[in-house]
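# Structural overview
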Amino acid sequence: MSQSSLNKHIGLWSATSLVIGSVVGSSIFMKPATMAAQVGSPVLLLLVWVVAGMISLFGAMAFAELGTLLPQTGGQYVFLKAAYNDFIAYLFGWSGMAVINSASIAAISFVFAQYADYFLHLPRFSPAIEHGVVWQVPLVGQIRPLENFGVKVLAISLILTFTLINYVSSRLGNALQVAATVVKVAALLLLVGGLLASGQGSAAHFTRPETGFSLHGWPLLVGFMAATTGAFASYDGWCNLAMVGGEIRDPARTITRSLFLGLIASMVIYLLLNLAFLYVLPVQAMAASPLVASDAAAVPWGPAGGRVIALLIVISTFGATHVNLLASARIVYAMAETGAFFPAAGQVHRRYRTPGNAILILGIWSALLVVSGSFDILADMFIFMSWVFYFLAILGVFILRRRMPDAERPYRVWGYPYVPAVFLVFTLIYLGSTLYYDITNYLAGRAPVINSVFGLLLTAAGVPFYFWFRRLYRRRSLDAAGRELS
């Protein structure tokens, strides 16, 4: 099936909402506390969000050029295939299918179910039964499939519901993600307004640094980069738009505009939320808070603040689970269509005109990861790999400029070559510092495995499957040619 077999039903505002829905998830409710501890200054904390947002915007600008040059379903997979070869693209698709995207869907849905449990009081087994079934996975750890079983059932139900919706109608799935994003943004802005208008804070918190915190020179740079890493994790998801490139109306204009609008809106939302948190909590209180959003809401609203934040997280993760499933299934579809995955996953449903099989595969695998309970560990190991592929994709802008100089580019990244080069430099710093941090923790006995290295090994584990899929694809091609000759 050709890429054009999928309906083009995504316009500017639905594409923009997809970017916002992908970026703004549950991280904003937890990350600011760790980041505040790393920089110790409210001004630096806000600066971190601006810097990380601008670097993400630089990456999005480069993706906009690639997306308008190659407006096909599959996004980053398509970019890597064009800039490098089938093998590099396959490694990206494999790591995304096996863990990066599927574990992300599982983890976000689990957070949704955990906070929904705040209101639903879901049933669970006794501790003896929960700990009675243990699976030991080498280099990963212990898995207890019966632990938090009620929460897991709700998380799986959410994934399977979204799987069914996207299987039968891409238009309905898109409408759902737009509605979920609108509700999420409205709820977050109400939280900001409620905190700032509460009168229970102080504007002095915006400039007063943490007492006794006097980092400078190299330690300040290390702390700032560590905090930037947390912000990058919160901004992650802007690349999801490129995955549905083949279903976007007027991609030459829509991809560029929606990426800009979506990321700028996300940056504004993050800055407003951090300003609201800082208004009611001084930076030292933020740094010491395990759940900064809940503690901030508790200042004006007391115990009811916890219920407010729990509801906001339920709303936020509901939309984020759906948009990640909607976008990530397109990578599975693109892989199969080019012979790098099971052929059935590359078929468009004859009646619904959706990548139905790809959606089913990703949805079911993500649900299984919820049962395993190991998705957080696996996701941590593959975060490193996701940034490796970000680096390769942005480097692809330079490669394709040289390889395809006369190709029509409806959008050319502003500030080329400096803007994509800045993104590449920051990515290298991030990868290097992450590798150093992981190795240091392992040697110090603080971690049982070097997460980044294990991520490389798990990605390499997909290499034998690549050759098997390619052999299967060639056999199908030969069979098809033989039928035509006969």
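Rules used in this analysis
- Residues numbered from 1 in each chain as written.
- Predicted model: local features only at pLDDT ≥ 70, side-chain atom pairs only at ≥ 80, totals over all residues.
- Heavy atoms only, no water.
- Salt bridge = Lys/Arg side-chain N within 4 Å of Asp/Glu carboxyl O.
- Helix = DSSP H or I, 4+ residues; strand = E, 2+ residues; numbered from the N terminus.
- Buried < 20%, exposed > 50% of the residue type's maximum accessible area, 1.4 Å probe, protein only.
- Polar contact = N/O pair within 3.5 Å; in protein donor to acceptor, adjacent residues only side chain to side chain.
- Expected span 1.5 Å × (residues − 1).
- Contact = heavy atoms within 4.5 Å.
- Phe/Tyr/Trp six-rings, centres within 6.5 Å; stacked < 30°, edge-to-face > 60°.
- Lys NZ or Arg CZ within 6 Å of the ring centre and 35° of its normal.

### Remarks on the pattern of salt bridges
Here the structure, examined in full by the defined rule, presents 5 salt bridges. A salt bridge links Glu247 to Arg330; its shortest N-O distance comes to 2.8 Å. With Glu247 in the loop between α10 (240–243) and α11 (251–280) and Arg330 in helix α14 (residues 304–337), this residue pair connects regions lying 83 residues apart in the sequence. For the pair formed by Glu247 and Arg330, the shared burial category is buried. Salt bridges sharing partners connect three or more residues here, namely Glu65, Arg401 and Arg409.

### Points about unusual backbone geometry
Cis geometry marks the peptide bond from Tyr416 to Pro417; its omega dihedral reads 5°. Of note, Asp250 is a non-glycine position whose phi angle comes to about 50°, a positive value. Even without a glycine there, the phi angle at Arg353 is positive, about 55°. Structurally, Arg353 is set in the loop between α14 and α15 (356–372). Residue Arg353 is classed as partly exposed on the basis of its relative accessible area, which comes to 25%.

### Topic: the side chain of Thr354
Here Thr354 shows up in the loop between α14 and α15. Here Tyr167 takes part through its backbone oxygen, which lies 2.7 Å from a polar atom of the side chain of Thr354.

### What about helix α7 (residues 149–168)?
For α7, with 20 residues, the first-to-last C-alpha span of 29 Å sits near the 28 Å given by 1.5 Å per residue. Of the residues making up α7, those classed as buried are Gly150, Val151, Lys152, Ala155, Ile156, Leu158, Ile159, Phe162, Thr163, Ile165, Asn166 and Tyr167. Contacts made by the buried residues of α7 are with α5 (86–120), α8 (170–196), α14 and α15.

### Focus on the packing of aromatic side chains
According to the stated counting rule, one finds 30 aromatic pairs in the structure shown. Ring centres of Phe206 and Tyr279 lie 6.5 Å apart, and the angle between their planes is 35°; this geometry places the pair in the tilted category. Residue Phe206 is located in the loop between α8 and α9 (217–235), and its partner Tyr279 is located in helix α11; the two are separated by 73 residues in the primary sequence. On the accessibility criterion, Phe206 (22% relative accessible area) is partly exposed. When its relative accessible area of 13% is taken as the criterion, Tyr279 is described as buried. An aromatic cluster of three or more residues is present, and its members are Phe63, Phe79, Phe232, Trp238, Trp387, Tyr390, Phe423 and Tyr430. Here Arg401 stacks its cationic end above the ring of Tyr416, 3.9 Å away from the centre of that ring.

### Some points on helix α13 (residues 292–301)
When we look at burial in α13, the residues that qualify are Val292, Ala293, Ser294, Ala296 and Ala297. Residues of α13 that are buried sit in contact with α2 (31–39), α8, α11, α12 (283–287) and α14. Of the residues trailing α13, Gly302 is marked for its positive phi of about 65°.

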